Amino acid sequence: MTERVVITGIGPVTPIGIGVETFWESLREGRSGVRRVPSLVDAGLKVQIAADIPEFEPNDFMDAKAARRMARFSQLAVAASQLAVADAGLELEDWDPERVATVVNTGGGGVTTIADQSAVLNDRGPGRVSALFVPMMAGNMASCQVSIQLGLRGPTITSLAACASSVYAFIDGRQLLLGGEAELALAGGTESNVSPLGIAGLANMHALSRRNDEPTRASRPFDRDRDGFVFGEGAVVCILETLEAARARGARIYAEVLGGGRTADAFHITAPDPQGEGAARAMRAALRNSQLEPEAIDYICAHGTGTALNDAIETRAIHDVFGEHAKRLAVSSPKSMTGHLMGAAGALSAAAAALALYHGVLPPTINHEHSDPECDLDYVPQRSRPAELRAALVNGFGFGGQNGVVALARLSE
Amino acid sequence: MSTVQDRVQQLIADQLRQPLEKVTSDAHLIDDLDADSLDIVDLTIAIEEEFSTEENQLEIPEEDASEIRTVQQMLDYLAAQGVA
């Protein structure tokens, strides 16, 4: 009976790099992927900044015809999956495809495709709506296109939990291996709705930073002057396999996935519970399910969006769970560099935490210039630094009050 | 000015992501150019948009579209509709 699950491959397609080497280098160096996006400027939106991936070329990862039949969130998922497989040194032919699971989650799926085809319907009539509309926009295509392109025939799942979606993917992927439903799992998330409709709704919600003139300084989690998050696109997929299988094939192991916790606030459609009760309970559940004492955690890869409420409440929840130890552990938010990838954010954070554990380096929270009395932890401000890291939590808290936390550890015997 | 045939061949190549030289008059959309039913619907829409004018909206009914299976049949159909 298998008891241990590890991460052996990381496939990032992100605003700070495509592929694990560039991604990690950018995290370590504290590079921002935020820019003023021409299509948002042209549309005259209040928010004209986002973290997108203009250099992404789908034809590098799939043939042109397959790419035409996918919305961008699926293209990104396929690319991330291929990068993860390659990074893990996997030969998929060596695996029974029926025993490989695909769990690629998303937040908004094909919202942009819906917007585009709604315009076609209104401007040119129902006869001109693309026959590909439904199979392009449906959120489950995140996993299904990966399954089709890579020939994976085991459990294929896409679930939605807003900004916690792809934390859930690691919890579910691990369970599929432990429960014997699969021997290998691709787990991750994808999001690509940097478009006027996607941005306008969030902007009118006052969730987004309006620092249009300083794109790279706009995402400032835990900083006193934070004014909202920066919307991002991307996909991150990781390879999960059992420790036995990874050892048997001599794979490089980034980190162990110890366990996770999921809770609901049952409070509000967008605001977190003011006491951070649901978030704290998710962290406690992750610790309990991982058989970890709070003192075993050296690093929290925070949800850390850069909104006034989230960062203060997440800090409060960390105090609540960790007590005195809260001041000793390090907390940082990769969203300071990548923006908020929504449905892909949890997978991006899990990848960042796994790389932090593997390399013994804490990625920074860039743009953290001024402390805030409500945010009084060690956020690894501005610069990465080396650290002895044993275990980390990855936080993801979604609109609707869905909270997901997964615990990762540097591999020990 | 490119001919109707040039425009149709280019459009089919673009829509089906096939090299232009494969889009010969006798090429079969499904057997030679790898289209499926979804591709053919979108190709039909693209043809309608390409050859519609302010005065003359081209509409290809589904029952007609289902009969068109080769590049030449598409050209013949357009000619019969007065597209020149």
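Residues numbered from 1 in each chain as written. Chains lettered and ligands numbered in written order. Predicted model: local features only at pLDDT ≥ 70, side-chain atom pairs only at ≥ 80, totals over all residues. Heavy atoms only, no water.

Participant: Got a minute to help me understand the packing of aromatic side chains in this structure?
Facilitator: Aromatic ring pairs are described here by two measures, namely the spacing of the ring centres and the angle between the planes. Residues and elements named next belong to chain A. A complete count under the given rule lists three aromatic pairs over all chains for this structure. Taking 5.9 Å as the distance between ring centres and 15° as the angle between the ring planes, the aromatic pair formed by F56 and F61 counts as stacked. Accessibility expressed as a relative area gives 5% for F56, which makes it buried. For the pair F222 and Y379, a centre-to-centre distance of 4.1 Å together with 15° between the ring planes defines the contact as stacked. Of this pair, F222 sits in the loop between helix 9 (196-204) and strand 8 (234-242) while Y379 sits in the loop between strand 12 (361-362) and strand 13 (385-386), and the two are 157 residues apart along the sequence. Of the two residues, F222 and Y379, neither departs from the other in class, the shared state being buried. Across from the ring centre of Y168, 4.9 Å away, lies the NZ or CZ of R262, which sits over that ring. (Phe/Tyr/Trp six-rings, centres within 6.5 Å; stacked < 30°, edge-to-face > 60°. Buried < 20%, exposed > 50% of the residue type's maximum accessible area, 1.4 Å probe, protein only. Helix = DSSP H or I, 4+ residues; strand = E, 2+ residues; numbered from the N terminus. Lys NZ or Arg CZ within 6 Å of the ring centre and 35° of its normal.)

Participant: When you look at the packing of helix 8 (residues 165-178) of chain A against helix 14 (residues 345-359) of chain A in this model, what are you seeing that I'm missing?
Facilitator: Packed helices, taken two at a time, are described by the angle between their axes plus the distance between the axes. All names here are of chain A. Contact geometry for helix 8 and helix 14: axes closest at 5 Å, N-to-C directions at 60°. By the angle between their directions, the pair helix 8 and helix 14 is classed as oblique. Two secondary-structure elements touch here, helix 8 through S166, V167 and F170 and helix 14 through A345, G346, A347 and A350. (Axes fitted to C-alpha atoms, helices over the stretch in contact; angles between N-to-C directions. Parallel < 35°, antiparallel > 145°, perpendicular 65-115°, else oblique. Contact = heavy atoms within 4.5 Å.)

Participant: Even after reading the chapter, I still don't get the state of the cysteines, so can you show me in this structure?
Facilitator: Simply put, disulfide is the name for a covalent bond between the sulfur atoms of two cysteines. All names here are of chain A. Summed over all chains, the structure comprises zero disulfides over all chains. In this model C163 remains outside any disulfide bridge; the closest cysteine sulfur is found in C301, 14 Å from its own. This cysteine, C301, is not joined by any disulfide, and C238 carries the nearest cysteine sulfur, 12 Å off. (Disulfide = S-S within 2.5 Å.)

Participant: Help me understand the pairing of strand 9 (residues 255-264) of chain A in this model?
Facilitator: Remember that side chains alternate between the two faces of the sheet whenever the strand is regular. All names here are of chain A. Across the 10 residues that make up strand 9, a large majority, eight, are buried. Note that strand 1 (residues 5-14) and strand 9 share three bridges and pair antiparallel. When the sheet's bridge partners are listed, V6 is paired in strand 9 with E256. In this sheet, strand 15 (residues 402-409) lies alongside strand 9 in antiparallel orientation, the contact comprising eight bridges. If you follow G261 over to strand 15, its bridge partner there is V405. (Pairing = 2+ DSSP bridges.)

Participant: Teacher, can you tell me more about the side chain of D223 of chain A here?
Facilitator: All names here are of chain A. Here D223 is to be found in the loop between helix 9 and strand 8. Among the polar contacts made by the side chain of D223, one reaches the side chain of R220 at a distance of 3.1 Å. Here E369 takes part through its backbone nitrogen, which lies 2.7 Å from a polar atom of the side chain of D223. (Polar contact = N/O pair within 3.5 Å; in protein donor to acceptor, adjacent residues only side chain to side chain.)

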